[in-house]
Amino acid sequence: KPVILSMGGSLGAVKINNALRAALPSLLKDFQVVHLCGKGNLDESLTGTKGYKQFEYVNEPLKDIFAAADVIISRAGSNSISEFLALKKPCLLIPLSTNASRGDQILNAESFEKQGFARVLKEENIENLETEIRELYKNKDKYIKAMEKSNAANGVNRIIEEIEKAALGRKE
């Protein structure tokens, strides 16, 4: 089954955690779910649920979890979304509201949505989480194609190109 990775930052995201867990019975029919739920946010009643694995936090295994994920549910912090773009992982972004943040996550999410890299779900509409996940997965190839066309997707190559252009333009 395809893999959904849900992550809410180092402290987790209670609203996302609760909505995802409420949708699990239906989602697990079609997906496997890896849930990074944040410190102190494990739900012991779900331990051993087939197709569902929860962690408070992961460090080294995160690269393997990213590799296994078909789609990602996440907040919209700049570091995280830059990783998703570099890895070409379709994502459903649920930014912190302006009540809980400076609003930068909203701007990040809107930018990714406008460029075709992600779907955005406002936290106040969290009850639509399952529908949004299914739409994201159904259209994942569209998001991957948009990310493949992005110049921002591979910053290292862009920097090397610029260095080479500058080096070739010099007369010695």
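About the thresholds
Residues numbered from 1 in each chain as written. Predicted model: local features only at pLDDT ≥ 70, side-chain atom pairs only at ≥ 80, totals over all residues. Heavy atoms only, no water. Helix = DSSP H or I, 4+ residues; strand = E, 2+ residues; numbered from the N terminus. Buried < 20%, exposed > 50% of the residue type's maximum accessible area, 1.4 Å probe, protein only. Pairing = 2+ DSSP bridges. Arc of directions from axis to C-beta. Contact = heavy atoms within 4.5 Å. Axes fitted to C-alpha atoms, helices over the stretch in contact; angles between N-to-C directions.

Novice: Help me understand unusual backbone geometry, please; the structure alone is not making it clear to me.
Specialist: Excluding glycine, residues mostly carry a negative phi; peptide bonds, for their part, are mostly trans. One non-glycine residue, Lys88, lies in the positive phi region at around 55°. Here Lys88 is to be found in the loop between α3 (78-87) and β5 (91-93).

Novice: How should the pairing of strand β3 (residues 52-55) be read in this particular structure?
Specialist: For a regular strand, side chains alternate in direction, first toward one face of the sheet and then toward the other. Of the two faces of β3, the one lined by Tyr52 and Gln54 is fully buried and the one lined by Lys53 and Phe55 carries no buried residue. Taken together, the four bridges between strand β2 (residues 32-36) and β3 define a ladder with parallel strand orientation. Across the sheet, the residue bridging to Leu36 is Phe55, located in β3.

Novice: Before we go on, may I ask you to explain helix α5 (residues 129-138) in this structure?
Specialist: In an α-helix there are 3.6 residues to a turn, and that puts residues three or four apart on one side. Those residues of α5 that sit buried are Leu129, Glu132, Ile133 and Leu136. On an axial view of α5, the arc spanned by its buried residues comes to 100°, and they lie on one face. Exposed residues lying more than 90 degrees from the buried face of α5 are Thr131 and Lys138. Each element contacted by the buried residues of α5 is listed here: β1 (3-7), α1 (14-27), β4 (71-74), β5, β6 (118-120) and α6 (140-149).

Novice: Sorry if this is basic, but what is going on with the environment of Leu136 here?
Specialist: Residue position: Leu136 is located in helix α5. Filtering out sequence-adjacent residues up to four positions away, Leu136 remains in contact with Val71, Ile72, Pro90, Cys91, Leu92, Arg119 and Tyr143.

Novice: Explain the sheet that holds β2 to me, please; I cannot follow it from the model alone.
Specialist: Whenever strands of a sheet pair, they do so through backbone hydrogen bonds, lying parallel or antiparallel. Pairing is parallel across the open sheet formed by six strands, whose spatial order is β3-β2-β1-β4-β5-β6. A strand with exactly one partner marks an edge of an open sheet, and here the two such strands are β3 and β6. Geometrically, the sheet is characterised by an average inter-axis angle of 15° between neighbouring strands, direction not taken into account. Where β5 lies against β6, three bridges are found, and the strand directions are parallel. Considered in β6, the bridge of Leu92 is made with Arg119. α1 contacts β1, β2, β3 and β4 of the sheet and is inclined by roughly 165° relative to β2.

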